[in-house]
Amino acid sequence: MITALAGGVGAARLLEGLVQVVPPDEVTAIVNTGDDFVIHGLYVCPDLDTVTYTLAGVQNRAAGWGLADEHWMVMESLERYGAPTWFRLGDRDLATHLYRTGMLASGVPLSSVTASIARAWGLRSHLLPMSDDAVRTRITLDESASSEEAGCDVAFQDYFVRLAHSVPVSGVRFDGASQATPAPGVIESLETADRIVICPSNPIVSIGPVLAVPGIQHILESRRDSVVAISPIIAGAALKGPADRMMAQLGHEASAVGVARIYAPLAATLYIDEADRDEAARVEAAGMRCVVVPAVMSTPAHAARLAEACLR
Ligand code: GDP
Ligand code: CA
């Protein structure tokens, strides 16, 4: 049994590899919900949907979010009303948010809705939100940001999508995390997994919120020898998104070594890309066993090879 801590794209790619090398029903993903937000009254779970759509093979690979073969009639109609359209939702994707919002409104917990959606897409792996309780990632924009909102707090999607993660940040917090309870199955799957995998997701805003839910970090610490992580930073850069800049802005080294310093208390092994071979000794000095592998998942076959290496 494999349990993975997951954000969005980087995690979805690794999970797509994992389900090729172990039976999919032996894989459980505990997914970040700190990015969740409400727009047009709809409850949107970006990371859960990225993982679901990727494992179903229906994701838009180029965009990294949403469904392939989308239509945009609803977005065009919303423009007429002057409604916000900076967060794009395709017509088919909207059905997911309509269904989820309706179920939540009738009292069904997010973990149950997530399971229904995963089942409907034919997934055999188990997808768990980190919590059924609301945890909201808030980003403090640095005073130096060339934005009217410099020095202010914004919701994660405002930073990530509306501001295109192009402004410097000075802080990150996870509102609600300290009062949140892990979703049903989260603790059990971490306690019983043969291997726990921290996916190559943004350590601060994708894995950070999962670890902030009380109980989760503690289990990883106590099972450290069974925990492996894959660096999302390759040659000092994120393959997608702001992880490298965010790490640097928040006082971390933007490198595989910086990732090792964050994960050393909870994971015994870090997989780093061949491009970072020269960093291996510094990763070990940070307290993690270091394994050098091809860590760029440009195709599902590359992802399968990386997943296999992580289970060896
Ligand atoms: P998102 O921002 O919510 O989509 O999610 P993630 O945090 O899961 O994904 C972003 C991170 O994934 C970035 O830091 C990327 O560098 C990392 N990533 C994406 N593709 C790959 C890959 O093929 N290999 C590795 N090692 N990291 C990847
Ligand atoms: Ca995300």
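The notes below deal with the structure included here. (Residues numbered from 1 in each chain as written. Chains lettered and ligands numbered in written order. Predicted model: local features only at pLDDT ≥ 70, side-chain atom pairs only at ≥ 80, totals over all residues. Heavy atoms only, no water.)

## Considerations on the site of ligand 1
Our working rule: Here a residue is near a molecule or strand as soon as one of its heavy atoms is found within 4 Å of it. For this analysis, a polar contact is any N or O atom pair within 3.5 Å, provided that within protein one partner can donate a hydrogen and the other can accept it, and provided that sequence-adjacent residues contribute only side-chain to side-chain pairs. Accessible surface is estimated by sampling points in the Shrake-Rupley manner with a 1.4 Å probe; for residues, cover comes only from the protein chains shown. Strands are runs of DSSP state E lasting at least 2 residues, helices are runs of H or I lasting at least 4, and numbering of each runs from the N terminus. Residue polarity follows a fixed list, in which Ala, Val, Leu, Ile, Met, Phe, Trp, Tyr, Cys and Pro are nonpolar, Asp, Glu, Lys and Arg are charged, and the others, Gly among them, are polar.
Taken together, 22 residues lie around ligand 1, and Ser-201, Asn-202, Pro-232, Ala-295 and Met-297 are the ones closest in. A distance of 2.7 Å is found between an oxygen atom of ligand 1 and a backbone nitrogen or oxygen belonging to Asn-202. Within the backbone of Ala-295, an N or O atom sits 2.6 Å from a nitrogen atom of ligand 1. For ligand 1, whose free accessible area comes to 590 Å², the fraction covered by protein is 96%. Counting residues per element, the shell around ligand 1 draws most heavily on helix α1 (residues 9-21), which supplies four residues. Classifying every residue of the shell around ligand 1 by side-chain character gives 12 nonpolar, seven polar and three charged.

## Digging into the pattern of salt bridges
To be explicit about the condition: Just to be clear on terms, a salt bridge is a Lys or Arg side-chain nitrogen sitting within 4 Å of an Asp or Glu carboxyl oxygen. Three labels apply to residues, based on accessible area from a 1.4 Å probe with only protein chains included: buried if under 20% of the type maximum, exposed if over 50%, partly exposed otherwise in between.
Here the structure, examined in full by the defined rule, presents 11 salt bridges. A salt bridge links Arg-162 to Asp-158, with the nearest nitrogen and oxygen atoms 2.7 Å apart. Of the two residues, Arg-162 and Asp-158 are both situated in helix α6 (residues 156-162); the distance of four residues between them amounts to about one turn of the helix. For Arg-162, a relative accessible area of 34% gives the class partly exposed. The salt bridge involving Asp-175 is made with Arg-173; its shortest N-O contact spans 2.7 Å. A relative accessible area of 32% means that Asp-175 is categorised as partly exposed. Linked through salt bridges whose partners overlap, the residues forming this network are Glu-253, Arg-261, Glu-279 and Arg-282.

## Section: the coordination of the calcium ion (ligand 2)
A four-donor tetrahedral metal ideally has 109.5 degree angles, and a six-donor octahedral metal ideally has angles of 90 or 180 degrees. Quick reminder of the rule: Metal-coordinating donors are taken as N, O and S atoms lying within 2.8 Å of the metal, or within 3.2 Å when the metal is Na, K or Ca; because water is left out, some sites can appear incomplete.
The calcium ion (ligand 2) binds to the protein through Asp-35 (OD), Asp-47 (OD) and Asp-47 (OD), with metal-donor distances spanning 2.1 to 2.7 Å. With Asp-35 in the loop between β2 (27-31) and β3 (37-39) and Asp-47 in helix α2 (residues 46-56), the pair connects residues that are 12 residues apart, well separated along the chain. Look at Asp-35 and you get buried, because its relative accessible area is 6%.

## A word on helix α11 (residues 256-263)
Within α11, six of the eight residues are buried, leaving the element largely enclosed by the surrounding structure. If you check which residues of α11 are buried, you get Ala-256, Val-257, Gly-258, Val-259, Ala-260 and Tyr-263. The opening residue of α11, the one whose side-chain oxygen lies 3.1 Å from the backbone nitrogen of Val-257, is Ser-255.

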